[in-house]
Amino acid sequence: GENKMYIYKNAIETERAFILFKNIQHISWAKVSVNDYEVKIYSTAQVIIQPMSDSDLASFLEHYKEHMGVTL
């Protein structure tokens with residue numbers, strides 16, 4: 001079904017979890033089809049596996065980097 005997900009300024013909400021960016025330790029992803037990724041979000045508590053489209057992943061990483069002060 002639909003993988004509901006909301007990306008906030010400082011958090012992500014999936015069908016299985018609400019994770020503040022400050023609690024994320026690691027993010028990894030693997031392309032599973034042309035526009036779809038399996039994204040693993042590692043927090044202090046557990047690993048959440050969330051399917052995301054290209055644009056969802058880009059948005060998530062953009063918000064996360066902005067919040068964490070990651071710049072070039």
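Note that the structure is predicted; figures quoted are calculated from it, not measured.

Further remarks concern helix α1 (residues 54-68). The end-to-end C-alpha distance of α1, which contains 15 residues, comes to 21 Å, matching closely the 21 Å that a straight helix rising 1.5 Å per residue would cover. Taken residue by residue, α1 has Leu57, Phe60, Leu61 and Tyr64 as its buried positions. Angularly, the buried residues of α1 cover 95° about the axis, an arc narrow enough to put them on a single face. In α1, the exposed positions that point more than 90 degrees away from the buried face belong to Ser55, Glu62 and Glu66. The elements touched by buried residues of α1 are β1 (6-7), β2 (11-13), β4 (24-33), β5 (36-43) and β6 (47-53). Of the residues one or two after α1, Gly69 is the one with positive phi, at around 75°.

So, about the side chain of Ser43. With respect to the helices and strands, the residue Ser43 is situated in strand β5. Non-local contacts of Ser43, meaning those with residues more than four positions away in its chain, are made with Ile19, Asn23, Ile24 and Gln25.

Together, Tyr6, Tyr8 and Phe18 give the surface a local cluster of nonpolar side chains, amounting to about 330 Å² of exposed area. Of note, Tyr6 is situated in strand β1. Here Tyr6 falls in the partly exposed class, since its relative accessible area comes to 45%.

Here we come to the packing of aromatic side chains. A complete count under the given rule lists 4 aromatic pairs for this structure. Geometrically, the ring pair formed by Tyr8 and Phe18 is tilted, given 5.9 Å between the ring centres and 45° between the ring planes. With Tyr8 in the loop between β1 and β2 and Phe18 in strand β3 (residues 18-20), the pair connects residues that are 10 residues apart, well separated along the chain. Ring plane angle 45° and centroid distance 6.4 Å describe the contact between Phe60 and Tyr64, whose orientation is recorded as tilted. Note that Phe60 and Tyr64 are positioned in helix α1 at a spacing of 4 residues, about one turn of the helix.

The rules behind each value
Residues numbered from 1 in each chain as written. Predicted model: local features only at pLDDT ≥ 70, side-chain atom pairs only at ≥ 80, totals over all residues. Heavy atoms only, no water. Helix = DSSP H or I, 4+ residues; strand = E, 2+ residues; numbered from the N terminus. Expected span 1.5 Å × (residues − 1). Buried < 20%, exposed > 50% of the residue type's maximum accessible area, 1.4 Å probe, protein only. Arc of directions from axis to C-beta. Contact = heavy atoms within 4.5 Å. Patch = residues over 30% accessible without salt bridge, like charges linked within 9 Å, V, L, I, M, F, W, Y side chains within 5 Å. Areas by Shrake-Rupley, 256 points an atom, 1.4 Å probe, with all protein chains shown as cover. Salt bridge = Lys/Arg side-chain N within 4 Å of Asp/Glu carboxyl O. Phe/Tyr/Trp six-rings, centres within 6.5 Å; stacked < 30°, edge-to-face > 60°.

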